[in-house]
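Fold and geometry: a report
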Amino acid sequence: MRILVVEDEDSIARGLRFNFEREGYQVDVVQNGLAALELHETATPPFDLIILDLMLPEMSGYDTCRHIRRRDAEIPILALTARTLSEDKIQAFDCGVDQYVTKPFSLPELLSRVRNLGAKRRRSLEQQAVRSAEDVTRFGAITVDFQRFELHHGELQHQLTTREQELLRYFLEHDGIVLSRARLQSEVWKDSTDITSRSVDNFVMRLRRMIEKDPSSPQHLLSVRGTGYRFFREPAPTDVY
Ligand code: CA
């Protein structure tokens, strides 16, 4: 876990660094808000947690927190401060602080809160990873990366347009179902006036060239005579139509 400590009191900063490093964390220390904003923006790998003193010279800890939150809604921020009034705490939480520890603090309590925020951070990153993995779909020899608009067919890679991607996603979501041209126009093109059933056919032909081994004898994206199309994730049974 990588921690950014924003603290202008040297003795406290050194104490935090020592104890966090002993826990196995990677620690960076800055003395003011501007340096914190800059480092938060440029750090690779990014920080997992920010320990923020609220009484800082020039830009206050509150303003620093507000600026960081505008760019990063997710990173846990723990405020560390000598201020103990309820309205100070309220102001801190309103700026986007997640936890609040008053000085002088108990070290075991601070470390426990840091571990807790770190675990929450890991869970949220894992969930993000699962969500983006769901945006990659495989069928037959095809891999579609919906985030990158890429379609891989064996060694070949195709770049999808927004509409091609939407049409392909719609077919994937309606595996095995007969879809009329009118339904595709209405669901994928939202009945936009610049689409005709002829252009639906053109889009289907383009998709076939990307996903079919032999576009003239499709296995996945079949024509239904007089109606429209039917998509199969698995190669279509030969006796369908
Ligand atoms: Ca201070």
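Below, the structure is looked at part by part. All values reported here derive from a predicted model rather than from experimental measurement. (Residues numbered from 1 in each chain as written. Predicted model: local features only at pLDDT ≥ 70, side-chain atom pairs only at ≥ 80, totals over all residues. Heavy atoms only, no water.)

Right, let's talk about the overall build of the protein chain for a bit. Helix and strand counts for the protein chain come out as 8 helices and 12 strands. Computed over C-alpha atoms, the radius of gyration of the protein chain comes to 27 Å, more than 25% over the 18 Å expected from 2.2 N^0.38 for 241 residues, which places it beyond the range of a compact globule. Once the C-alpha set of the protein chain is aligned to its principal axes, its extents read approximately 80 × 40 × 25 Å. For the protein chain, buried positions account for 44% of its 241 residues. Within the protein chain, contacts between residues at least 6 apart in sequence are counted, and of these 53% link residues at least 24 apart. Carbon and sulfur atoms make up 48% of the accessible area of the protein chain, which amounts to about 13400 Å² in all. (Helix = DSSP H or I, 4+ residues; strand = E, 2+ residues; numbered from the N terminus. Rg over C-alpha atoms; globule rule 2.2 N^0.38 Å. Buried < 20%, exposed > 50% of the residue type's maximum accessible area, 1.4 Å probe, protein only. Contact = heavy atoms within 4.5 Å. Areas by Shrake-Rupley, 256 points an atom, 1.4 Å probe, with all protein chains shown as cover.)

Our focus in this paragraph is the sheet that holds strand S3 (residues 49–53). Spatial strand order, S2-S1-S3-S4-S5: 5 strands in an open sheet with parallel pairing. Only two strands of the sheet have a single partner each, and these edge strands are strand S2 (26–30) and strand S5 (99–102). On average, adjacent strands in this sheet sit at an angle of 20 degrees to one another, irrespective of strand direction. Sheet analysis places S3 next to strand S4 (residues 77–81), joined by 4 bridges and oriented parallel. By the bridge assignment, Ile-51 is partnered in S4 with Leu-78. Set on the sheet, helix H3 (residues 61–71) makes contact with S3 and S4; between it and S3 the angle comes to about 155 degrees. (Pairing = 2+ DSSP bridges. Axes fitted to C-alpha atoms, helices over the stretch in contact; angles between N-to-C directions.)

Remember, this is a structural readout, not a statement about activity or role.
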